[in-house]
Amino acid sequence: MLLALPLVAALEELGDRARLTVLSPPTFEALEAELHRAVQAAAPYHVVHFDGHGVFSKKHGLGGLCFEHPGDAGK
C-alpha cells in the first residue's frame, strides 16, 4: 500500500467522485470476485489500477500480471 500513497492522496481530492478498493488478499480470485460483485451491484469499475508485478515475453509479445498465490498468505 505504501507505493499507492500518491494515488490515495489524489483520489481523496475527488471526494465521492472516486472510490478506492484495496484487495485483501491480492489474488486473482479476489480480483475476479470483486469485479463480479461490482457488476452485480450495478456499480462496475471504470478504472483498475494494478499495483504489483508483471512479466513480458518479447519472444511472444505477451505480458501478464503476477498475483499472490492464495496458499502463500501470511508467509
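Up top you'll find the structure we're talking about.
So, how was this worked out
Residues numbered from 1 in each chain as written. Predicted model: local features only at pLDDT ≥ 70, side-chain atom pairs only at ≥ 80, totals over all residues. Heavy atoms only, no water. Buried < 20%, exposed > 50% of the residue type's maximum accessible area, 1.4 Å probe, protein only. Helix = DSSP H or I, 4+ residues; strand = E, 2+ residues; numbered from the N terminus. Pairing = 2+ DSSP bridges. Contact = heavy atoms within 4.5 Å. Phe/Tyr/Trp six-rings, centres within 6.5 Å; stacked < 30°, edge-to-face > 60°. Expected span 1.5 Å × (residues − 1). Arc of directions from axis to C-beta.

A. Broad picture of the pairing of strand β2 (residues 62-66). Little of β2 sits out of view: just zero of its five residues are buried. As judged from the five bridges shared by strand β1 (residues 53-57) and β2, these two strands associate in the antiparallel manner. Bridging across to β2, Val55 finds its partner in Gly64. Taking the residues between adjacent antiparallel strands as the criterion, β1 and β2 are bridged by four residues, where Gly61 takes a positive phi near 65°.

B. Local environment of the side chain of Thr27. You can see Thr27 is positioned in the loop between α1 (5-12) and α2 (28-40). Among residues more than four places away in sequence, those in contact with Thr27 are Phe67, Glu68, His69 and Pro70.

C. How the structure looks around the packing of aromatic side chains. If you walk through the whole model with that rule in mind, you get two aromatic pairs. Where Phe28 meets Phe67, the ring centres are 5.7 Å apart and the plane angle is 75°; that geometry is what we call edge-to-face. Within this pair, whereas Phe28 is found in helix α2, its partner Phe67 is found in the segment after β2, the two being separated by 39 residues in sequence. Assessed through its relative accessible area of 28%, Phe67 is described here as partly exposed. With a centroid separation of 5.2 Å and an interplanar angle of 65°, the aromatic rings of Phe50 and Phe67 are classed as edge-to-face. A residue pair is termed long-range when its members are at least 10 positions apart, and Phe50 in the loop between α2 and β1 and Phe67 in the segment after β2 qualify at 17 residues.

D. Summary view of α2. Compared with an ideal rise of 1.5 Å per residue, which puts 13 residues at 18 Å, α2 spans 18 Å between its outermost C-alpha atoms and is within 8% of the ideal. All of the buried residues along α2 are Ala30, Leu31, Glu34 and Ala38. Down the axis of α2, the buried set is contained in an arc of 100°. They therefore lie on one face. Exposed residues pointing more than 90 degrees away from the buried face of α2 are listed as His36, Val39 and Gln40. Ala42, located one to two residues past α2, shows a positive phi value of around 55°.

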